[in-house]
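Here is what each chain is made of, one letter per residue.
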Amino acid sequence: AQTVTQSQPEMSVQEAETVTLSCTYDTSESDYYLFWYKQPPSRQMILVIRQEAYKQQNATENRFSVNFQKAAKSFSLKISDSQLGDAAMYFCAYWAGSYQLTFGKGTKLSVIP
Amino acid sequence: DAGVIQSPRHEVTEMGQEVTLRCKPISGHDYLFWYRQTMMRGLELLIYFNNNVPIDDSGMPEDRFSAKMPNASFSTLKIQPSEPRDSAVYFCASRGIGTVNTIYFGEGSWLTVV
């Protein structure tokens, strides 16, 4: 069974600094997708960034980027120039074909002014 | 393009009452998912549909829960009778062929059963 592990229940970062959230996963599939979702206090699940496993290039969306290490089954999220609005729960998620989207337990990110 | 639309956003109900949560997926999306989020169990997939057909309902906790998708633009999740342990945020999400296998979530329905 696919599993997603986020080993950092909580993280904090100073405003304008950079922070990296960790995620590892377990799968026997070769073709799959990985995601980071942000959940602010409003509880809405917001897609932050997406990575296709067949692509070697790391995905980037403005201040958000990933470090995808397929062999190590690692998918970390880097947030640069952190802003107060980045404070939220961040969920790493895995999807392969018709399988369900599998989520990690989440990392709570606090941004210190 | 409107996102996934859920209603109600918040509901407080008494134990034993019937609860119906509603979802309108993104137009053109062929997969629809119902998730439940609690502090104890995190995000759990309850059921998902493909082209209005239920594919996997193994996550539905018990017979008190039922879900339907009568057409491509509407789905319901019903709890009858409701219990306090059903209190959670319920998310509907959808996915379409043209969205590079990305699932888009609604804003959630926050259910409290007292």
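Cut-offs used in this document
Residues numbered from 1 in each chain as written. Chains lettered and ligands numbered in written order. Predicted model: local features only at pLDDT ≥ 70, side-chain atom pairs only at ≥ 80, totals over all residues. Heavy atoms only, no water. Pairing = 2+ DSSP bridges. Helix = DSSP H or I, 4+ residues; strand = E, 2+ residues; numbered from the N terminus. Axes fitted to C-alpha atoms, helices over the stretch in contact; angles between N-to-C directions. 1 Å grid on protein atoms, 1.4 Å probe; cavity = no way out; pocket = protein on both sides within 12 Å on 5 of 7 lines; lining within 4 Å. Points joined across faces, edges and corners; volume = space filled by probe spheres on them. Nonpolar A, V, L, I, M, F, W, Y, C, P; charged D, E, K, R; others polar.

**Things to note about the pairing of strand β8 (residues 64-69) of chain A**
Side-chain positions along a regular strand alternate between the two faces of the sheet. Residues and elements named next belong to chain A. The pairing of strand β7 (residues 60-61) with β8 spans 2 bridges and is antiparallel. The partner of T60 across the bridge, within β8, is S65. Between β7 and β8, which follow one another and run antiparallel, lie 2 residues, and N62 among them has a positive phi close to 55°. Bridge count for β8 against strand β9 (residues 74-79) is 6 bridges, and the pairing is antiparallel. Paired with F68 across the two strands is F75, which belongs to β9. The loop that links β8 with its antiparallel partner β9 comprises 4 residues; one of these, K73, has a positive phi angle of about 55°.

**Section: the pairing of strand β7 (residues 65-71) of chain B**
Residues and elements named next belong to chain B. With 5 bridges connecting them, β7 and strand β8 (residues 74-79) associate as antiparallel partners. Across the sheet, A67 pairs through a bridge with L77, a residue of β8. Taking the residues that link successive antiparallel strands as the turn, the β7-β8 hairpin has 2 residues.

**A look at the sheet that holds strand β3 (residues 19-24) of chain B**
Residue and element names in this part refer to chain B. The antiparallel open sheet is built from 4 strands, whose spatial order is β1-β3-β8-β7. With one partner strand each, in any of the chains shown, β1 (5-7) and β7 form the two edges of the open sheet. Averaged over all neighbouring strand pairs, the angle between strand axes comes to 15°, with direction disregarded. Of the pairings in the sheet, the one linking β3 to β8 comprises 5 bridges and is antiparallel in character. Among the inter-strand pairings, R22 is bridged to a residue of β8, identified as T76.

**A look at empty space enclosed by the protein**
A full pass over the atoms with the stated rule returns 1 cavity of 30 Å³ or more. Here the largest cavity defines a volume of roughly 40 Å³. What lines the largest cavity is simply S42 and R43 of chain A together with R9, H10, V89, E107, G108, S109 and W110 of chain B. For the lining of the largest cavity, the residue count by class is 2 nonpolar, 4 polar and 3 charged.

None of this, on its own, says anything about what the molecule does.
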